[in-house]
Amino acid sequence: MLVPKKVKHRKHHRGKSTGKATSGNTVAFGNYALKAVENSWVSSRQIEAARRAMTRYVARGGKIWIRIFPDKPITAHGNESPMGSGKGQVDHFVAVVKKGRIMFEMDGVTAEQAAEAMRLASHKLPIKTKFIIKD
């Protein structure tokens, strides 16, 4: 799973989940891409599950780029803890994904293989996505 080696601040605010991506919204490395159509948090487990689905389908052929990284810590309190007593401990990390963001890219496979691999990966993600072919 993807986790940052080191973070500047241990706990973050939740922030707003509005707007669209201003960077990372063009296909840069491969010929095929998976683009987010809505805003959400994507956890490191979901990213790993999507990566595995794509890699398994193309039978370790081609090249896959992951264009998002989970660097936002999400906290959680333990069960049956009383109200108060501050913010909980860091539980997992998420990537903040805005609409228009390219999440995965692929190259070295046919368009049909890439489309099917991206479709399988999109089922592992909590947001609606769109398959893009570079012009």
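Residues numbered from 1 in each chain as written. Predicted model: local features only at pLDDT ≥ 70, side-chain atom pairs only at ≥ 80, totals over all residues. Heavy atoms only, no water.

Engineer: Honestly, the packing of aromatic side chains in this entry has me stumped. Any pointers?
Structural biologist: Across all of its chains, the model carries two aromatic pairs by this definition. Their ring planes at 15° and their centres at 5.8 Å tell us that F29 and W65 sit as a pair that is stacked. Of this pair, F29 sits in the segment before β1 (32–36) while W65 sits in strand β3 (residues 63–66), and the two are 36 residues apart along the sequence. Exposure remark for F29: the relative accessible area of 48% places this residue in the partly exposed category. When its relative accessible area of 22% is taken as the criterion, W65 is described as partly exposed. (Phe/Tyr/Trp six-rings, centres within 6.5 Å; stacked < 30°, edge-to-face > 60°. Helix = DSSP H or I, 4+ residues; strand = E, 2+ residues; numbered from the N terminus. Buried < 20%, exposed > 50% of the residue type's maximum accessible area, 1.4 Å probe, protein only.)

Engineer: Would you explain the environment of K87 in this entry?
Structural biologist: Assignment of secondary structure puts K87 in the loop between β4 (72–76) and β5 (89–97). With a relative accessible area of 41%, K87 lands in the partly exposed category. Those residues in contact with K87 that sit more than four places away from it in its chain are K11, H12, T75 and H77. From its side chain, K87 meets the backbone oxygen of H12 in a polar contact 2.9 Å long. (Contact = heavy atoms within 4.5 Å. Polar contact = N/O pair within 3.5 Å; in protein donor to acceptor, adjacent residues only side chain to side chain.)

Engineer: Explanation requested: the sheet that holds β4 in the structure shown.
Structural biologist: Hydrogen bonds along the backbone pair up the strands of a sheet, which may run parallel or antiparallel. Taken in spatial order, the three strands make up an open sheet running β2-β5-β4, and their pairing is antiparallel. A single partner strand is all that each edge strand has here, and the edge strands are β2 (40–43) and β4. For this sheet, the mean inter-axis angle between neighbouring strands, taken without regard to orientation, is 50°. Relative to β5, β4 runs antiparallel, the two being bridged by five bridges. Residue pairing across strands places I74 opposite H92, the latter belonging to β5. Its contacts with the sheet place helix α1 (residues 44–57) against β2 and β5, and it is angled at close to 70° to β2. (Pairing = 2+ DSSP bridges. Axes fitted to C-alpha atoms, helices over the stretch in contact; angles between N-to-C directions.)

Engineer: Just checking my understanding: could you explain the sheet that holds strand β6 (residues 102–107) for this structure?
Structural biologist: Pairing within the open sheet is antiparallel, and its four strands lie in the order β3-β6-β1-β7. Looking at which strands have only one partner, the edges of the open sheet turn out to be β3 and β7 (129–133). Across the sheet, the axes of successive neighbouring strands diverge by a mean angle of 20°, strand direction being ignored. Here four bridges tie β1 to β6, and the two strands are oriented antiparallel to one another. Its bridge partner lying in β6, L34 is registered against F104. Taken strand by strand, helix α2 (residues 111–122) contacts β1, β6 and β7, and its axis lies near 30° from that of β1.

Engineer: Help me understand the pattern of salt bridges in this model?
Structural biologist: Think of it this way: side chains of opposite charge can pair up when their charged atoms draw near. Summed over the entire model, instances satisfying the criterion amount to four salt bridges. The partner of E48 in a salt bridge is R51, with the nearest N and O atoms 2.6 Å apart. Linking E48 with R51, this pair stays in helix α1, spanning three residues, or about one helical turn. The partly exposed category is assigned to R51, whose relative accessible area is 27%. Its salt-bridge partner being E116, residue R119 comes within 2.7 Å of it at the nearest N-O pair. Of the two residues, R119 and E116 both sit in helix α2, three residues apart, roughly one turn of that helix. (Salt bridge = Lys/Arg side-chain N within 4 Å of Asp/Glu carboxyl O.)

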